[in-house]
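Observations on the model geometry
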Amino acid sequence: HTISEWQNDQQEGWYEGMQYHVVSKEKPRAMLIEQTLTDEESAALIDIANRSMARSEVVHAPGSSGVNTIRTSYGMLVSGRDEYHPANKKLRQHAADLVGINVANVEGTQILRYYPGQFYRSHPDYFAAGSEHRWPALRHPAHLVEPAGR
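Bear in mind the structure is a predicted one, so any value in this text is a computation, not a measurement. Each chain carries its own residue numbering, running from 1 in the direction its sequence is written. Note on the predicted model: pLDDT of at least 70 is required for a residue's local features to be given, and 80 or more for side-chain atom pairs to be given and counted; whole-chain, interface and lining totals, by contrast, use all residues. Computation of side-chain values covers all heavy atoms of the structure but excludes hydrogens and water.

**Digging into the overall build of the protein chain**
For helices the rule is a DSSP run of H or I covering at least 4 residues; for strands it is a run of E covering at least 2, with both sets numbered from the N terminus onward. Helix and strand counts for the protein chain stand at two helices and eight strands. When the helices and strands of the protein chain are read in sequence order from the N terminus, they spell out β-β-β-α-β-β-β-β-α-β. For every residue, the accessible area (1.4 Å probe, protein chains only) is compared with the maximum for its type, and the residue is labelled buried under 20%, exposed over 50%, or partly exposed between those bounds. In the protein chain, which comprises 150 residues, the proportion classed as buried is 28%. Partitioning the contacts of the protein chain with sequence separation of at least 6, the portion at a separation of at least 24 is 51%. Residue contacts are defined here by distance: any two heavy atoms, one from each residue, within 4.5 Å place the two residues in contact.

Listed below in structure tokens is the structure:
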């Protein structure tokens with residue numbers, strides 16, 4: 001069973017060693033899932049991210065993106081040999097298990113960093129007509145690790 005099918009009426013519980021809390025049963029359904037990674041695994045992903053963080057961009061059209069004032073974060077996509085890091089593989093497998101799809105169909109791991117005062121404003125992304133574009137997202141807060149030099 002996926003977490004969305006499992007104990008559907010409960011507000012909180014455990015699934016595959018992870019504690020969850022239902023934040024909203026409305027669409028889109030939202031859950032807070034704890035203990036997806038250890039502090040050490042989170043720190044490893046932060047180290048990977050810090051090597052290539054850049055200002056986050058917004059997609060305007062196919063092949064066209066750029067920095068925009070509606071998104072002030074910094075981000076990166078885990079790629080290359082870092083895709084095979086054990087912490088990234090574990091996070092991707094959890095995402096696949098939680099929504100009931102094969103890990104091969106899970107999008108790459110995107111890591112974002114927000115400092116106080118930075119924000120993400122809701123905005124429409126560009127999607128080709130007829131495309132599927134709203135898959136579940138797994139967000140892992142890595143605020144447990146203090147940024148270097150701050």
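**Section: the environment of G108**
Here G108 is to be found in the loop between helix 2 (86-99) and strand 8 (110-113). A relative accessible area of 43% means that G108 is categorised as partly exposed. G108 sits 25 residues away from E83 along the chain, and the two C-alpha atoms are 7.9 Å apart. Aside from chain neighbours lying at most four places away, what touches G108 is L77 and R92.

**Here's the deal with the environment of I111**
By the secondary structure assignment, I111 is in strand 8. Judged by its relative accessible area of 15%, I111 is buried. Spatially, the C-alpha atoms of I111 and L45 are 8.3 Å apart, while their sequence positions differ by 66 residues. With near-sequence residues (within four places) excluded, I111 lies in contact with L45, A49, M53, Y74, G75, M76 and V78.

**Re the pattern of salt bridges**
Each salt bridge in this description consists of a side-chain nitrogen of Lys or Arg and a carboxyl oxygen of Asp or Glu lying within 4 Å of one another. Under the definition given, this model contains two salt bridges. Across the salt bridge formed by E41 and K90, the nearest N and O atoms sit 3.0 Å from each other. On the criterion of sequence distance, the pair formed by E41 in helix 1 (residues 39-50) and K90 in helix 2 is long-range, its members being 49 residues apart. R51 is the salt-bridge partner of D82, the closest N and O atoms lying 2.6 Å from each other. Within this pair, whereas D82 is found in the loop between strand 7 (74-77) and helix 2, its partner R51 is found in the loop between helix 1 and strand 4 (54-55), the two being separated by 31 residues in sequence.

**Describing helix 2**
The span you would expect from a helix comes to 1.5 Å times its residue count less one. With 14 residues, helix 2 extends 20 Å from end C-alpha to end C-alpha; this agrees with the ideal 20 Å at 1.5 Å per step. Summarising the contacts, the buried residues of helix 2 are in contact with strand 1 (12-15), strand 2 (18-24), strand 3 (30-34) and helix 1.

**A look at the sheet that holds strand 8**
Ordered in space as 4-7-8, the three strands form an open sheet in which the pairing is antiparallel. Two strands in the sheet have a free side with no partner beyond their single neighbour: strand 4 and strand 8. Strands were regarded as paired on the criterion that DSSP finds at least two bridges between them. Sheet topology note: the strand 4/strand 7 ladder contains two bridges and is antiparallel. When the bridges of strand 7 are listed, A54 appears paired with G75.

**Re helix 1**
Under the 1.5 Å per step criterion, the end-to-end length of helix 1 is 16 Å for 12 residues, consistent within 8% with the ideal 16 Å. All of the buried residues along helix 1 are E41, S42, A44, L45, I46, I48 and A49. Buried residues in helix 1 make contact with strand 7, helix 2 and strand 8.

**Side note on the sheet that holds strand 1**
Taken together, three strands build an open sheet; the order of strands is 1-2-3 and the sheet is antiparallel. Whereas interior strands pair on both sides, the edge strands pair on one side only; in this sheet they are strand 1 and strand 3. Each adjacent strand pair in this sheet contributes to an overall mean axis angle of 30 degrees, direction not counted. Bridge analysis of strand 2 against strand 3 gives five bridges, and the strand direction is antiparallel. In the sheet register, S24 faces strand 3, and the bridge partner there is A30. In this analysis an axis means a line fitted to C-alpha atoms, helices contributing only their contacting stretch, and an angle means the value between N-to-C directions, from 0 to 180 degrees.

Worth remembering: the numbers are spatial, not functional.
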